[in-house]
Amino acid sequence: MSQHLKTMINTLELTCPSPEQRLKVDWPNSDNYQIWLKRDDLLHPIVSGNKWRKLKYALLAAKHNNVPHIISFGGGFSNHLHALGYACSRLGIQLTAIVRGDYSAHPSPMLEDLARWHAKVQYVDRQTYRLRSDADYLAQLSLTHPGAMIIPEGGSQHSALAGVMEIIDELGRSYDHILAPVASGGTLAGLIHATRHINTTVTGIAVLKGQGYLEDLVTELLPSATKPGHHWDINHDHHFGGYAKSTPHLSAFCAEFYTQTHIPIEPVYSGKLFYAAKALISEGAFTRGAKILLLHTGGLQGARTA
Ligand SMILES: *Cc1c(COP(=O)(O)O)cnc(C)c1O
């Protein structure tokens, strides 16, 4: 590990590698499988699991090149902006967060944290936010903020894949299936790339309504994912109506899961992952005896209410 990386990990006080543990649940059929968990939620209390994985090499490059300023995008409860805001404040980099919607009258706990960490927050309307990956808009941002590094929404850019791939390097055993939530595709793309030479099927659990769209996000980040030898799919059956949409049934599932396992989950990402895992396991979707890894991507801050 490079000295720069060691220094950064120490500065951010990360616990890595994250634990890999057996999941004990009483779901129908669960005795027929070996179910394990990768606890990326425990990497850090603030820098949420997969967001650290995705930001790691961008932040390292920013430190290495003395980048003074980072600009990025997200919603009012964004785990990505939260992780990035904390990391930037610790690393002495100015963050400008471009946030969808105007929360100035009622900032979310996430936005209050950003303010504490001295991020500049710029609220934009939905039309402007839609330009977040438009080349002309980004060129304009670069002109008005010379020297700034621009990181896309969710931190899902090509350099994110290398960080995500380290999840697979850290594993102590092999798995037939790996399940992870998917929203902007960076995490899934990294997992797919890291498992291309092994016999593991990666299944993304869509947390939003996006059949076709989510698959496209993944293949834009990882064009080789469409080639033979890559075993992956996205399950669209458990998004509960869309991004950040929930039901009393899903909330009850999250609460019950916590009572049973003492592992906290929330309804936006991990709740949908574990709910889908329970459904797939109960209906016997995997070969008997299969070793299944569920990736807990963290993100509990997003469930805080103002
Ligand atoms: C952002 C996020 C995801 C989605 O990951 P993508 O790489 O955007 O698909 C999953 N889980 C949590 C907790 C997140 O914060």
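**So, the domain arrangement of the protein chain**
Part 1 of the argument: Segmentation of the protein chain into domains returns domain 1 (3–46 + 157–304) and domain 2 (50–155).
Part 2 of the argument: On a C-alpha basis, the centroid separation for the pair domain 1 and domain 2 is 24 Å.
Part 3 of the argument: Contacts between the two partners involve 32 residues from domain 1 and, on the opposite side, 29 residues from domain 2.
Part 4 of the argument: Roughly 2800 Å² is buried in total at the junction of domain 1 and domain 2, and carbon and sulfur atoms are behind 58% of that figure.
Part 5 of the argument: Applying the counting criterion to the domain 1 and domain 2 interface returns five salt bridges.
Part 6 of the argument: Asp-40 is the partner of Arg-53 in a salt bridge, and the nearest nitrogen-oxygen pair spans 2.8 Å.
Part 7 of the argument: Where domain 1 meets domain 2, there are 17 residue pairs in polar contact (both at pLDDT 80 or more).
Part 8 of the argument: Secondary structure elements with two or more residues in the side of domain 1 that touches domain 2: α1 (3–12), α7 (158–170) and α8 (186–194).

**Side note on the site of the ligand**
Part 1 of the argument: Of all residues adjacent to the ligand, which total 16 residues, the nearest are Lys-51, Lys-54, Ser-184, Thr-187 and Thr-297.
Part 2 of the argument: One nitrogen or oxygen atom from the side chain of Lys-54 is found 2.6 Å from an oxygen atom belonging to the ligand.
Part 3 of the argument: Between the ligand and the protein, one listed contact pairs an oxygen atom with a backbone N or O atom of Gly-186 at 3.3 Å.
Part 4 of the argument: Burial of the ligand by the surrounding chains reaches 98%, relative to a free accessible area of 380 Å².
Part 5 of the argument: Among the detected pockets, the ligand sits in the largest pocket.
Part 6 of the argument: Looking at the shell around the ligand, the elements that each hand over two or more residues are α2 (49–64), β7 (177–182) and α8.
Part 7 of the argument: Grouping the constituent residues of the shell around the ligand by class yields four nonpolar, 10 polar and two charged.
Part 8 of the argument: Here the shell around the ligand spans two domains, since at least three of its residues come from each of domain 1 (3–46 + 157–304) and domain 2 (50–155).

Cut-offs applied
- Residues numbered from 1 in each chain as written.
- Predicted model: local features only at pLDDT ≥ 70, side-chain atom pairs only at ≥ 80, totals over all residues.
- Heavy atoms only, no water.
- Domains from an automatic or database assignment.
- Contact = heavy atoms within 4.5 Å.
- Buried area = accessible area lost by both parts, 1.4 Å probe.
- Salt bridge = Lys/Arg side-chain N within 4 Å of Asp/Glu carboxyl O.
- Polar contact = N/O pair within 3.5 Å; in protein donor to acceptor, adjacent residues only side chain to side chain.
- Helix = DSSP H or I, 4+ residues; strand = E, 2+ residues; numbered from the N terminus.
- Near = heavy atom within 4 Å.
- Areas by Shrake-Rupley, 256 points an atom, 1.4 Å probe, with all protein chains shown as cover.
- 1 Å grid on protein atoms, 1.4 Å probe; cavity = no way out; pocket = protein on both sides within 12 Å on 5 of 7 lines; lining within 4 Å.
- Sits in = over half its atoms within 2 Å of the grid points.
- Nonpolar A, V, L, I, M, F, W, Y, C, P; charged D, E, K, R; others polar.

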